[in-house]
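Results of the structural survey
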Amino acid sequence: MRLWTGTSGFSYKEWKGSFYPERLPANKMLAYYSTQLTSVEINNTFYRLPRAELLEKWAAQVPDDFSFVLKASRRITHMKRLKDAGDPLEYLVRTAVGALGPRLGPILFQLPPYLRADVERLSDFLALLSEGVGAPEGFRAAFEFRHPSWFTDEVYQALADHGAALVTADTGEGDPPVVATASFGYARLRRPGYDDSELARWAEALRQPGWSDVFVFFKHEDEGAGPRMAAGFSEIWGAAS
């Protein structure tokens, strides 16, 4: 089981001194980040579909064993709400796969909190993703549901039928489910702080399903705690191996 861990985003001047060296130029941040952590969750792709040139530039700055996770455009998840989203989805898949190649991790589809469960809508979208937009074999998709109506066996089965992962999102509101619906796992640990005992409990919980790969991301904040927690989680994970 391989762990890929990092933070939501990397380009934060507020992290200079706590994570980045004080004098590090902004255009060197990603290269430095990739020497400390193994993956990054890119959130700005939620606001605008990515350009191939930008993704290729990023890919050239990191080692071969680094992984980019892209958050799917809000056009797909919030405007289209997974329905009739073929054009932006096809562009996202084609651009991400073509530009990042083996450095592409999962695509994160984060649904709006007001969207209630609709298994037919989800199943149709999953079918489009796996059959209609040219996603290659091995393409990975992860779904973060933010309305509680989605946490049912019927939804889990729909994800499993297409090998898509259920995102475990710890926001501090209740206990999020850890359910294996794919060969890989995905967790977003969103609380402002986790001590070592809490990180150890999460490491134990995320080892249980026996995934081949697990992606774990910590929240961005100004103090640079996210990178420290990601590094600490990696150490705890490795010590338990």
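Throughout, a residue's number is its position along its own chain's written sequence, starting from 1. Only residues with pLDDT of at least 70 are given local features in this predicted model, and only at 80 or more are side-chain atom pairs given and counted; all residues enter the totals for whole chains, interfaces and linings. Derived side-chain values reflect all non-hydrogen atoms in the structure, with water molecules and hydrogen atoms excluded from consideration.

1. Here we look at the overall build of the chain
Threshold: Each helix is a run of DSSP H or I of at least 4 residues and each strand a run of E of at least 2, with the numbering of both proceeding from the N terminus. Between buried and exposed lies partly exposed: a residue is buried under 20% and exposed over 50% of the maximum accessible area for its type, with that area taken using a 1.4 Å probe on protein chains only. Surface exposure here means Shrake-Rupley accessible area, sampled with a 1.4 Å probe, where a residue is shielded only by the protein chains that are shown. Under this rule, positive means Lys or Arg and negative means Asp or Glu; His and the chain ends count for nothing. By convention, the point assigned to a charge is CZ for Arg, NZ for Lys, CD for Glu and CG for Asp.
Check the secondary structure of the chain and you find eight helices and eight strands. By residue count, 51% of the 241 residues in the chain fall in the buried class. Carbon and sulfur atoms make up 47% of the accessible area of the chain, which amounts to about 11300 Å² in all. Side chains of the chain carry 27 positive and 31 negative charges; the gap between the two charge centres is 8 Å.

2. Considering the sheet that holds strand E1 (residues 2-7)
Sheets are built from strands paired through backbone hydrogen bonds, the pairs being either parallel or antiparallel. Let me state the cut-off plainly: The rule for pairing is simple: two strands pair if DSSP sees at least two bridges between them. Structural elements are reduced to axes, namely lines fitted to C-alpha atoms, with helices fitted over the stretch in contact, and the angle between N-to-C directions of any two is expressed from 0 to 180 degrees.
On the basis of which strands lie adjacent, the open sheet formed by eight strands has the order E1-E8-E7-E6-E5-E4-E3-E2 and parallel pairing. With one partner strand each, in any of the chains shown, E1 and strand E2 (39-42) form the two edges of the open sheet. When the angles between neighbouring strand axes are averaged without regard to direction, this sheet yields 25°. Here strand E3 (residues 67-71) runs beside strand E4 (residues 104-110); their pairing, made up of three bridges, is parallel. By the bridge assignment, leucine 70 is partnered in E4 with isoleucine 107.

3. Some details on the pattern of salt bridges
For side chains of opposite charge, pairing can occur when their charged atoms come near one another. How we decide: Salt bridge criterion: a side-chain nitrogen from Lys or Arg within 4 Å of a carboxyl oxygen from Asp or Glu.
With the rule as written, the count across this model stands at 10 salt bridges. Lysine 13 is the salt-bridge partner of glutamate 14, the closest N and O atoms lying 3.7 Å from each other. Assessed through its relative accessible area of 33%, glutamate 14 is described here as partly exposed. Arginine 51 is the salt-bridge partner of glutamate 53, the closest N and O atoms lying 3.9 Å from each other.

4. What to know about the nonpolar core
What counts is decided by this rule: Among buried residues, those of type Ala, Val, Leu, Ile, Met, Phe, Trp, Tyr and Cys that are joined through side-chain atoms within 4.5 Å constitute a nonpolar core. Should any heavy atoms of two residues lie within 4.5 Å, those residues are counted as being in contact.
Within the largest apolar cluster, 70 residues are counted, with the highest numbers of intra-cluster contacts made by Phe109, Leu122, Phe143 and Phe233. Contact partners of phenylalanine 233, with chain neighbours within four places excluded, come to Leu3, Thr5, Leu199, Trp202, Ala203, Leu206, Val216 and Phe218.

5. Here we look at the layout of surface pockets
Here is the rule we go by: Of the two site types, the cavity is a set of points on a 1 Å grid over the protein atoms alone where a 1.4 Å probe fits but cannot get out, and the pocket is an open set with protein on both sides within 12 Å along at least five of seven lines, each lined by residues with an atom within 4 Å of a point. Grid points are joined across faces, edges and corners, and a volume is the space filled by probe spheres set on the points. Only Asp, Glu, Lys and Arg are considered charged in this grouping, and only Ala, Val, Leu, Ile, Met, Phe, Trp, Tyr, Cys and Pro are considered nonpolar; every other residue, Gly among them, is considered polar.
Of the volumes computed, that of the largest pocket is approximately 300 Å³. For the lining of the largest pocket, the element with the highest residue contribution is strand E6 (residues 165-170), accounting for four residues. When its residues are assigned to classes, the lining of the largest pocket shows eight nonpolar, four polar and four charged. Taken as a whole, the second largest pocket spans an internal volume of roughly 230 Å³. If you trace the second largest pocket, you find 16 residues lining it, with Ser130, Phe139, Arg140, His162 and Gly163 closest to the centre. For the lining of the second largest pocket, the element with the highest residue contribution is helix H5 (residues 119-132), accounting for three residues. Within the lining of the second largest pocket, the residues separate by chemical class into nine nonpolar, five polar and two charged.

6. Focus on the packing of helix H7 (residues 196-207) against helix H8 (residues 225-239)
Here is the rule we go by: When an angle is under 35 degrees it counts as roughly parallel; over 145 it counts as roughly antiparallel; between 65 and 115 it counts as roughly perpendicular; any other value is oblique. By convention the crossing between two helices is left-handed if the near helix lies anticlockwise of the far one by an angle smaller than a right angle, and right-handed if it lies clockwise.
The geometry of H7 relative to H8 is characterised by a closest axis approach of 9 Å and an angle of 60° between their N-to-C directions. Put simply, H7 runs oblique to H8. Of the two elements, H7 crosses H8, and the hand of that crossing is right-handed. Two secondary-structure elements touch here, H7 through Asp196, Leu199, Ala200, Trp202, Ala203, Leu206 and Arg207 and H8 through Met229, Gly232, Phe233, Ile236 and Trp237. Across the contact of H7 with H8, the residue classes break down as nine nonpolar, one polar and two charged.

7. Side note on the environment of leucine 30
With respect to the helices, strands and loops of the structure, leucine 30 is situated in helix H1 (residues 29-36). Leucine 30 sits in the buried class, given a relative accessible area of 1%. Ignoring anything within four residues of it in the chain, the contact list for leucine 30 reads Phe10, Trp58, Gln61, Val62 and Phe68.

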